[in-house]
Amino acid sequence: PPGAGKTTGVPLALLDEPWLAGRSILMLEPRRLAARAAAGRMARLRGEEVGETIGYQIRFEGRSSARTRIKVVTEGILTRQLQFDPELRGIGLVIFDEFHERHLHADLALALCLDAQRGLREDLRILVMSATLDGEAVAALLGDAPIITSAGRSFPVDVRYLARDVEGPLPQAASAAIRRALAQEEGDVLAFLPGAWEIRRTQELLHEECEDEIEILPLHGDLPWDAQDRALRSAGKRRVVLATPIAETSLTIEGVRIVVDAGYVRVPHFDPVSGLSRLTTQRISRASADQRAGRAGRTAPGVCLRLWSDATQRRMSAHGAPEIATADLAPLALELAAWGVNEVAALSWLDPPPAAAFAQARELLSRLGALDAAGRITEIGRAMVKLPLHPRLAHMMFVAQRLSLGDLASDIAALLSEHDIFTGAARRSVDFTQRIEALRASAGSNGRRAAQAYGADHAACQRVALVARQYRGLLSFARVDASATGKAQIANARSDDLAHTGLLLAFAYPDRIALQRAPGDHRYLLASGRGARFHEKGMRLRDRCIVTASLDAGETEGMIHLAAPVDIDELRAHPDVPIHEEDAVRYDAQQQAVIARREVRLGALVLGAQPLSKVDTEQLRAAMIAGIRRLGLDALPWTRTAREWQARVLSLRAWLPEEEWPDVSDAALLATLEDWLAPFLDGVTRRDHLARLDLAEILASRLDWQTAQRLEQIAPTHLTVPSGSRHRLEYTPGESPVLRVKLQEMFGRAETPRIAAGRVPVTLHLLSPAQRPIQVTQDLRGFWERTYAEVKKELKGRYPKHPWPDDPWGAAPTGRAKKRGE
């Protein structure tokens, strides 16, 4: 259970086991703060300093020595070590702590450890630890490994629910719950909120309403180490710690007796179709809720206030979705390629990577030059693996190194890898170049004031600058001989030249290079083919071509959060940008015409074009056909005659299935345009040219002469009635045709007319002299015998100028009124 002491107790207990034989223990912690805290706690238990028997290694920071036997590392560090030393020489045990968090690198590292254990290190031991994980599934993955359960020694926690779920903003609800807890309970408060914004807003509300003796401390990944450490240590005052899930596991925050849980977490969801991620706020799982509640019982009995109802608790999922199911898999795909694995099925997974997301990831790696045509890792890919960056940024760093732009690339990578240096209203700026300017201004002698002038936090700038320096140092480690790639350098490139910011971003995000849809517009088309837009029209950025460094998927088009302008000519001049020329003959919806030109293309973007002097006729026809399909069949010049012909043929197809009349429905015609329409499209290259077509004649040509004659015989367009007049038949496929005729014109006729070789009776709409329907019938004889007398009685006085004989059988049919005097 939470609080059992496994994170710090188990490694120390195993350190002197005979099977370890003096070798070391690597313990994986999913969070940097937890890794440092766990190492510090174990060192204190042994009465040592960190870096002696107990050490740690996190990104860009570590404390260890030749004496270190237990090293706590974060997930990316373990993956790096496995890539450079698959045997894990000198390591006897790998511990995966808090595995229930199911981060992508944890799943990957476990799969690689199991593979190394099978092929290289049978003696390597693996231990998976968690308070809330499905142990049976993990035990099966580890080859039916035994499950060890500890009763633990955490104190009881009184879990309380609201009568109904919180409605309205979370900060207001959280601050109210915290104030109640401070007034009614003892001890410090740990409140869980989904993100830094909610923490800042809750902190503001509490500062307004709480007494001065209450210390309110944030705890999230944006903070520097000293601020995070401060939140973990008691300092005499009563405290409220406002935390993201960073405090959910592996941490004991001194003095906490009360947990206030908002019940939400913010997670990215990757869409393999768009290649973009969307950050969503969602309910936590019951397992996560249990972890959070356990923080209140680490040192004494506690209370957990859940800001949701008991009914909602029962509906929550048992466990959260593993990151491997929702994340961008490009980092995982690159690591697997470096491991020598192209198919995920070659390794053992608790949950295998989704096929669509993995395929999209490998497609991206191929575009970045990390994989060859056979899907094997390239020298460029191996250089990218050496950099602790997303493959996009690693590729940018690799190319920038050859262009003498390594300093600028390091600044860009650090800014994109860390949290935003801008604060307040400045965060709304989408201009990425402004952030580089602020970062560099903050490094000057008057750095704090310079950073504030940009709306940047000076401490955040210092943190990013440190990361950028670390990246500069890694560039030489990841170096690949530029001559081997045959790429040219930018002439007279300067590391401080911000004009190349957009170009470097293009090396990382070639699919996110974007062109304005119209001059001055805030909407753009990405090279991927997707649309994107700025949130505000009054932005500083208004360039024709940009690179979007940060955007979310959105509902129909992405929302751009960070971007930089890029010069199209510079893009075209550089071989690392995937630009190519192709001859295009296609229908352009905006011009409503077929265009034929040689285009300079970057994905879905056309960067330049020249008209083609000679175009194949078949290509023009095919493009126009594609345009008609896009417009729909109604774009053709339909006439009444053409629609009647279509209805007659479809009617015979329904009535006489044995005769195999062709399918000329709209759907079938649209699907077979190449067969029946294309031969008539010579010279037709615009939508308005379609008006030239005689569609009725074109459709009629689908039938040979004999079939056309039979159509006229058994499905005529008109029928001659007893009066001698010819009246149009109205066809609806599958239904009886309709004949609208004045009643007096049918005198003397007993039988209902029939068509389709006598199979189908005509539906007669018998009309009054005013052309209004008197009777609708397919039984003309029955009408004369049973209904005519009533009709005559009703209408004779209304229409005295028209004949109403007593005997309709013997009367002369006529469409005229009676002559004067009759």
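Refer to the structure above for everything that follows.
A brief look at the structure comes next. Predicted, not measured: the structure shown is a model, and the values here were computed from it.

## A closer look at the overall build of the protein chain
The helix and strand tally for the protein chain stands at 27 helices and 29 strands. In summary, the protein chain has a C-alpha radius of gyration of 39 Å against a globular reference of 28 Å for 822 residues, an excess of more than 25%. Each of the 822 residues in the protein chain was classed as buried or not, and the buried ones make up 51%. Summed over all atoms, the accessible surface of the protein chain reaches about 37,500 Å², with 47% contributed by carbon and sulfur. Counting 107 positive and 105 negative side-chain charges, the protein chain places the centres of these two groups 4 Å from one another.

## Things to note about the pairing of strand 4 (residues 70-74)
Most of strand 4 sits out of view: four of its five residues are buried. Both strand 1 (residues 24-29) and strand 4 contribute to a ladder of five bridges, which runs parallel. By the bridge assignment, Glu29 is partnered in strand 4 with Thr74. Sheet topology places strand 2 (residues 54-58) next to strand 4; four bridges connect them, and they run parallel. Considered in strand 4, the bridge of Gly55 is made with Lys71.

## Focus: the pattern of salt bridges
Following the criterion strictly, the structure yields 54 salt bridges and no others. A salt bridge links Glu659 to Arg710; the nearest nitrogen and oxygen atoms lie 2.7 Å apart. Of this pair, Glu659 sits in the loop between helix 22 (640-655) and helix 23 (666-671) while Arg710 sits in helix 26 (residues 705-714), and the two are 51 residues apart along the sequence. Overall, Arg710 belongs to the partly exposed group, its relative accessible area being 29%. Here Asp779 makes a salt bridge to Arg786, at a shortest N to O gap of 3.2 Å. Using a relative accessible area of 57% as the deciding quantity, one classes Arg786 as exposed. Taken together, the shared-partner salt bridges in this structure form one network comprising Glu582, Arg586, Arg597, Glu599 and Arg601.

## Structural notes on the pairing of strand 10 (residues 238-243)
Where a strand is regular, its side chains alternate between the two sheet faces. The buried fraction of strand 10 amounts to five of the six residues, a majority that puts the element mostly inside the structure. Inspection of the sheet shows strand 9 (residues 214-219) paired to strand 10 by six bridges, in the parallel sense. Residue pairing in the sheet places Leu219 in a bridge with Ala243 of strand 10.

## Here we look at the sheet that holds strand 28 (residues 763-767)
In spatial order, the strands read 23-24-25-28-29; together these five strands make up an open sheet with mixed pairing. The two strands at the open ends of the sheet, each matched to only one other strand, are strand 23 (718-720) and strand 29 (773-777). Strand-to-strand twist across the sheet, computed as the mean angle between neighbouring axes with direction ignored, equals 30 degrees. Relative to strand 28, strand 25 (residues 738-742) runs parallel, the two being bridged by five bridges. Along strand 28, the bridge assignment pairs Arg740 with His765. Docked against the sheet, helix 27 (residues 780-795) engages strand 28 and strand 29, running at close to 165 degrees with respect to strand 29.

## Points about the sheet that holds strand 21 (residues 593-602)
Hydrogen bonds between backbone atoms are what pair the strands of a sheet, whose relative direction is either parallel or antiparallel. Strand order across the open sheet formed by three strands is 20-21-22, with antiparallel pairing between neighbours. The open sheet has two edge strands with one neighbour each: strand 20 (580-588) and strand 22 (605-611). Taking the axes of each pair of neighbouring strands and ignoring which way they run, one obtains an average angle of 40 degrees across the sheet. Where strand 20 lies against strand 21, nine bridges are found, and the strand directions are antiparallel. Within the sheet, the bridge partner assigned to Arg586 lies in strand 21 and is Ile595. Across the face of the sheet, helix 21 (residues 617-631) comes into contact with strand 20 and strand 21 while running at roughly 55 degrees to strand 20.

## As for the side chain of Asp411
Examined against the element boundaries, Asp411 turns out to sit in helix 15 (residues 406-417). Beyond its immediate stretch of four places on either side in the chain, Asp411 contacts Leu439, Arg440, Ala468 and Arg472.

## Some details on helix 4 (residues 104-119)
With 16 residues, helix 4 should reach 22 Å at 1.5 Å per residue; the first-to-last C-alpha distance of 23 Å fits that figure. For helix 4, the set of buried residues is Leu104, Ala106, Asp107, Leu108, Ala109, Leu110, Ala111, Leu112, Cys113, Leu114 and Ala116. In this fold, the buried residues of helix 4 make contact with strand 1, helix 3 (75-84), strand 5 (91-96), strand 6 (125-128), helix 5 (135-141) and helix 11 (330-339).

## Focus: unusual backbone geometry
Backbone geometry places Leu88, a non-glycine residue, at a positive phi of 50 degrees. You can see Leu88 is positioned in the loop between helix 3 and strand 5. You can call Leu88 buried: its relative accessible area is 0%. For Gln592, which is not glycine, the phi dihedral falls at a positive 55 degrees.

## Details of the packing of aromatic side chains
As enumerated under the stated definition, the model contains eight aromatic pairs in all. Note on Tyr524 and Phe534: the rings are 5.5 Å apart at their centroids and 85 degrees apart in plane angle, and the pair reads as edge-to-face. Within this pair, whereas Tyr524 is found in strand 16 (residues 523-526), its partner Phe534 is found in strand 17 (residues 531-534), the two being separated by ten residues in sequence. Residue Tyr524 shares its accessibility class with Phe534, and that shared class is buried.

## Thoughts on the environment of Asp694
By the secondary structure assignment, Asp694 is in the loop between helix 24 (673-676) and helix 25 (695-700). For Asp694, a relative accessible area of 46% corresponds to the partly exposed category. Taking the C-alpha atoms as reference points, Asp694 and Arg46, 648 residues apart in sequence, are found 95 Å from one another.

## Digging into the packing of helix 11 against helix 12 (residues 355-367)
A pair of packed helices can be characterised by two numbers: the angle between their axes and the separation between those axes. Interaxial distance between helix 11 and helix 12 falls to 8 Å at its minimum, and their mutual angle equals 70 degrees. Between helix 11 and helix 12, the crossing angle belongs to the class labelled roughly perpendicular. Of helix 12, the residues touching helix 11 (which contributes Ala330, Leu332, Ala333, Leu334 and Leu336) are Phe358, Ala361, Arg362, Leu364 and Leu365. By residue class, the composition of the contact of helix 11 with helix 12 is nine nonpolar, no polar and one charged.

## A short note on the packing of helix 16 (residues 432-441) against helix 17 (residues 447-454)
Relative orientation of the contacting elements helix 16 and helix 17 amounts to 165 degrees, with a least axis distance of 8 Å. Comparing their axes, helix 17 and helix 16 come out roughly antiparallel. Two packed elements cross with a definite hand, and for helix 16 against helix 17 that hand is right-handed. Residues Gln434, Glu437, Ala438 and Ala441 of helix 16 lie in contact with helix 17, whose contacting residues are Gly447, Ala450 and Tyr454. Each residue belonging to the contact of helix 16 with helix 17 can be placed in one class, and the counts come to four nonpolar, two polar and one charged.

Conventions used here
Residues numbered from 1 in each chain as written. Predicted model: local features only at pLDDT ≥ 70, side-chain atom pairs only at ≥ 80, totals over all residues. Heavy atoms only, no water. Helix = DSSP H or I, 4+ residues; strand = E, 2+ residues; numbered from the N terminus. Rg over C-alpha atoms; globule rule 2.2 N^0.38 Å. Buried < 20%, exposed > 50% of the residue type's maximum accessible area, 1.4 Å probe, protein only. Areas by Shrake-Rupley, 256 points an atom, 1.4 Å probe, with all protein chains shown as cover. Lys, Arg positive; Asp, Glu negative; His and termini not counted. Charge placed at Lys NZ, Arg CZ, Asp CG, Glu CD. Pairing = 2+ DSSP bridges. Salt bridge = Lys/Arg side-chain N within 4 Å of Asp/Glu carboxyl O. Axes fitted to C-alpha atoms, helices over the stretch in contact; angles between N-to-C directions. Contact = heavy atoms within 4.5 Å. Expected span 1.5 Å × (residues − 1). Phe/Tyr/Trp six-rings, centres within 6.5 Å; stacked < 30°, edge-to-face > 60°. Parallel < 35°, antiparallel > 145°, perpendicular 65-115°, else oblique. Nonpolar A, V, L, I, M, F, W, Y, C, P; charged D, E, K, R; others polar. Left-handed = near helix turned anticlockwise from the far one by under 90°.

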